[in-house]
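# Commentary on secondary and tertiary structure
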Amino acid sequence: MASSFEKFQKRRVISSYFSVVLSIFIVLTLLGALGLFVINTEKISGYVKENIPMTIYFKREVTDTTAQAFATRLQKSPYYKNIKFEIKKS
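These notes cover the structure that comes with them. (Residues numbered from 1 in each chain as written. Predicted model: local features only at pLDDT ≥ 70, side-chain atom pairs only at ≥ 80, totals over all residues. Heavy atoms only, no water.)

### Details of the overall build of the protein chain
For clarity, the threshold we go by: A run of H or I in DSSP counts as a helix once it spans at least four residues, and a run of E counts as a strand once it spans at least two, with each numbered from the N terminus. Exposure categories follow from relative accessible area, calculated using a 1.4 Å probe and restricted to protein chains: below 20% of the type maximum is buried, above 50% is exposed, and the middle band is partly exposed. Values of accessible area rely on a 1.4 Å probe in the Shrake-Rupley scheme; residue burial ignores everything except the protein chains shown.
Each helix and strand in the protein chain was counted, giving three helices and zero strands. When the helices and strands of the protein chain are placed in sequence order, the string is α-α-α. The 90 residues of the protein chain split such that 4% are buried. Of the roughly 9,000 Å² of accessible surface on the protein chain, a fraction of 65% belongs to carbon and sulfur atoms.

Given below as structure tokens:
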């Protein structure tokens, strides 16, 4: 018959195997998620850069021609992808 010490050692070995397998699983899962994030970083940064909305408010003294000239200058700039220009009088 196995003594109580041997049963204790057997349970200890089984629990240590379980904790090792669980630890390795968690580490590999986190490394995989980090790898996917690093691979898709360029796509993510491009999406964020292209989808930043910007609102510009002018003073009331600005004429329509001045605001239109500003919009034209922005449209010619290489760092804007899409410009939506609206004139609202309030």
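### Digging into a nonpolar patch on the surface
Defined as follows: Exposure above 30% relative accessible area and the absence of a salt bridge qualify a residue for a patch, where like charges join within 9 Å and nonpolar side chains (Val, Leu, Ile, Met, Phe, Trp, Tyr) within 5 Å. Put simply, a salt bridge is a Lys or Arg side-chain nitrogen that is within 4 Å of an Asp or Glu carboxyl oxygen.
A cluster of nonpolar side chains, namely V20, I24, V27, L28, L31, L34, F37, V38, I44, Y47, V48 and I52, defines an oily patch on the protein surface of about 1,200 Å² accessible area. Those elements that provide at least two residues to the nonpolar patch are helix 1 (4-39) and helix 2 (41-50). A per-element tally of the nonpolar patch places helix 1 first, with eight residues. Tracing the backbone shows L34 in helix 1.

### A word on the side chain of S77
Put simply, the test is: Polar contact is the term for a pair of N or O atoms within 3.5 Å; when the atoms are in protein, one must be able to donate a hydrogen and the other to accept it, and sequence-neighboring residues count only if both atoms are side-chain atoms.
Mapping S77 onto the fold places it in the segment after helix 3 (64-76). On the basis of relative accessibility, which here comes to 12%, the residue S77 falls in the buried class. A polar contact is formed between the side chain of S77 and the backbone oxygen of R73, at a distance of 3.1 Å.

### Quick look at helix 3
Note the threshold: Given the number of residues in a helix, its expected span is that number minus one, multiplied by 1.5 Å. This arc corresponds to the set of directions leading from the helix axis out to the C-beta atoms.
The terminal C-alpha atoms of helix 3 lie 18 Å apart, and with 13 residues this matches the ideal 18 Å at 1.5 Å per residue to within 8%. Taken together, the buried positions of helix 3 are occupied by A67, A71 and L74. Projected onto a plane normal to the axis of helix 3, the buried residues spread over an arc of 60° and lie on a single side. When the buried face of helix 3 is taken as reference, the exposed residues oriented beyond 90 degrees from it are T65, R73 and K76.

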